[in-house]
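# Residue-level structural notes
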Amino acid sequence: MQIFQDKQSLLQALQEIKAEEKSIGFVPTMGALHDGHIALVRSALRVTDKVVVSIFVNPTQFNTASDLDKYPRTLEADIALLKKEGDIFVFAPAVSDIYPEEDLFAPFDLEGIDLVMEGKFRPGHFQGVVHVVRNLFLIVQPQKAFFGLKDFQQVAVIRLMTKKLSLPIEIIACAIERAPNGLALSSRNLRLTESQKEDALILFQTLEFLKKLTRDFSPAVSREKAIEFFKKGKLELEYLELVSGETLEALDQNWSADSTCCIAAFCGEVRLIDTTPL
Ligand code: PAF
């Protein structure tokens, strides 16, 4: 494993990889790695010759200074985990490497898919995500990039950005990794107490409850019932939406072939999201 803390040294090493005509797989992360990230890394290792994992807590995608401050930073543990996976390039750059003064990024038209759900409650979040992922893509220039489906809307946004910029990168979405009790793995879980982890199970339980309703009820009615079910738990709901997986448009009377539920809630101060195809 090699660790690069500046862009120039990574670019130099990648040049050698490209000269050997080896394919590059990329797993962008904000660190605090868990088995969900490791599953992405393993998928990348299976189908590409050299895997680059970036670890960069991106300031432009946080809405509040306190959320950014509290985001877990565990670089040494992250490196130890990655070391076990293989001969990986770890890229842990400084802010100035990702956002140089000559950065030509301008706010990006995401056709409204950045304004619903996460976008509604975290204004500007997806512009920050698109900005950092675009800048990382331009540095790493992978053939394939791997993202977890827990961030369902993020995957849709990144696919659209990649298409609009005509970047020759295949976006590979990987299944959510869950604890045996169903809790979706997330770096934010590190901030939960044991009893909050129990409380947070209401997210998964609501998704499971919802799956049983789709045959008998419309999306509108199912949504109401699911919200009622969710409210029996202790979390504070931010949104629970039933959307078309492709357009992210809210479903009302009819289900679509790719109906998806996305949910976000606060467990104490920690904001959690979860999702499932229905
Ligand atoms: O999903 C994440 O961890 C981040 O949003 C990403 C894609 C690494 C961009 O900062």
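Attention in this report is confined to the structure presented alongside it.

Cut-offs used in this document
Residues numbered from 1 in each chain as written. Predicted model: local features only at pLDDT ≥ 70, side-chain atom pairs only at ≥ 80, totals over all residues. Heavy atoms only, no water. Helix = DSSP H or I, 4+ residues; strand = E, 2+ residues; numbered from the N terminus. Buried < 20%, exposed > 50% of the residue type's maximum accessible area, 1.4 Å probe, protein only. Contact = heavy atoms within 4.5 Å. Areas by Shrake-Rupley, 256 points an atom, 1.4 Å probe, with all protein chains shown as cover. Lys, Arg positive; Asp, Glu negative; His and termini not counted. Charge placed at Lys NZ, Arg CZ, Asp CG, Glu CD. Phe/Tyr/Trp six-rings, centres within 6.5 Å; stacked < 30°, edge-to-face > 60°. Lys NZ or Arg CZ within 6 Å of the ring centre and 35° of its normal. Near = heavy atom within 4 Å. Polar contact = N/O pair within 3.5 Å; in protein donor to acceptor, adjacent residues only side chain to side chain. Nonpolar A, V, L, I, M, F, W, Y, C, P; charged D, E, K, R; others polar. Pairing = 2+ DSSP bridges. Axes fitted to C-alpha atoms, helices over the stretch in contact; angles between N-to-C directions. Disulfide = S-S within 2.5 Å. Salt bridge = Lys/Arg side-chain N within 4 Å of Asp/Glu carboxyl O.

## Overview of the overall build of the chain
Within the chain, the regular secondary structure consists of 11 helices and 9 strands. Projected onto the principal axes, the alpha-carbon positions of the chain cover approximately 55 × 40 × 35 Å. Buried residues in the chain amount to 53% of all 278 residues. When contacts within the chain are restricted to residue pairs at least 6 apart in sequence, those whose partners lie at least 24 apart make up 73%. Split by element, the accessible area of the chain, about 13500 Å² in all, is 51% carbon and sulfur. For the chain, the distance from the average site of its 31 positive side-chain charges to the average site of its 39 negative ones is 4 Å.

## Digging into the packing of aromatic side chains
In this structure the tally under the stated criterion is 8 aromatic pairs. Centroid distance Phe4 to Phe89: 4.9 Å. Interplanar angle 65 degrees. Geometry classified as edge-to-face. Taken together, the residues span a long stretch of sequence, with Phe4 in strand E1 (residues 2-4) and Phe89 in strand E4 (residues 89-91) at a distance of 85 residues. Assessed through its relative accessible area of 6%, Phe4 is described here as buried. With 6.5 Å between their ring centres and 10 degrees between their planes, Phe105 and Phe108 make a pair best called stacked. Across this residue pair, the class does not change: Phe105 and Phe108 are buried. The rings of Phe26, Phe137 and Phe147 are connected pair by pair, giving a single aromatic cluster. Here the guanidinium or amino end of Lys225 rests over the ring plane of Phe217, the centre of that ring lying 4.7 Å away.

## What about the site of the ligand?
As a structural note, the neighbourhood of the ligand is formed by Pro28, Thr29, Met30, Asn58, Gln61, Val132, Phe147 and Gln154. Contact distances for the ligand include 2.6 Å between an oxygen atom and a side-chain N or O atom of Gln61. A distance of 2.7 Å is found between an oxygen atom of the ligand and a side-chain nitrogen or oxygen belonging to Gln154. Protein contact buries 89% of the 290 Å² of open area that the ligand shows by itself. Split by residue class, the shell around the ligand holds 4 nonpolar, 4 polar and no charged.

## With respect to the sheet that holds strand E2 (residues 24-29)
An order of E1-E4-E3-E2-E5-E6 is seen for the 6 strands of this open sheet, with the pairing classed as parallel. In this open sheet, the two strands that pair with only one neighbour each are E1 and strand E6 (170-174). With direction set aside, neighbouring strand axes in the sheet form an average angle of 25 degrees. Note: E2 against strand E5 (residues 144-148), 2 bridges, orientation parallel.

## Re the pairing of strand E3 (residues 50-55)
For E3, a buried count of 6 out of 6 residues is recorded, marking the element as mostly surrounded by other parts of the structure. Alternating residues of E3 divide into Lys50, Val52 and Ser54 and Val51, Val53 and Ile55, and every residue in both groups is buried. When E2 meets E3, the two strands line up parallel, connected through 6 bridges. Counted as the bridge partner of Pro28 is Ser54 from E3. Relative to E4, E3 runs parallel, the two sharing 3 bridges. The partner of Val52 across the bridge, within E4, is Phe89.

## Considering the state of the cysteines
In total, this model carries 0 disulfides according to the counting rule given. Distance from the sulfur of Cys174, which forms no disulfide, to the nearest cysteine sulfur (Cys262) is 17 Å. Using a relative accessible area of 11% as the deciding quantity, one classes Cys174 as buried. Left unpaired, Cys267 is separated from the closest cysteine sulfur, that of Cys261, by 18 Å.

## Here's the deal with the sheet that holds strand E7 (residues 236-244)
Pairing is antiparallel across the open sheet formed by 3 strands, whose spatial order is E7-E8-E9. In this open sheet, the two strands that pair with only one neighbour each are E7 and strand E9 (270-277). Strand-to-strand twist in this sheet, taken as the mean axis angle between neighbours without regard to direction, amounts to 15 degrees. One ladder, built from 8 bridges, connects strand E8 (residues 259-267) with E9; its direction is antiparallel. Looking at E9, one finds that Cys262 is bridged to Thr275. Relative to the sheet, helix H10 (residues 201-211) contacts E7, E8 and E9, its axis offset from that of E9 by approximately 25 degrees.

## As for the pattern of salt bridges
Under the counting rule described, the total for this entry stands at 18 salt bridges. Taking the shortest distance from any N to any O, the salt bridge between Lys164 and Asp109 comes out at 3.8 Å. With Lys164 in helix H8 (residues 152-164) and Asp109 in the loop between helix H5 (95-98) and helix H6 (118-121), the pair connects residues that are 55 residues apart, well separated along the chain. Look at Lys164 and you get partly exposed, because its relative accessible area is 35%. Taking the relative accessible area as the measure of exposure, Asp109 reaches 52% and is therefore exposed. A salt bridge links Asp199 to Lys234; the nearest nitrogen and oxygen atoms lie 3.9 Å apart. A residue pair is termed long-range when its members are at least 10 positions apart, and Asp199 in helix H9 (residues 194-199) and Lys234 in the loop between helix H11 (219-230) and E7 qualify at 35 residues. Under the relative-accessibility criterion, Lys234 is labelled exposed at 68%.

No statement about biological role is implied by the geometric values presented.
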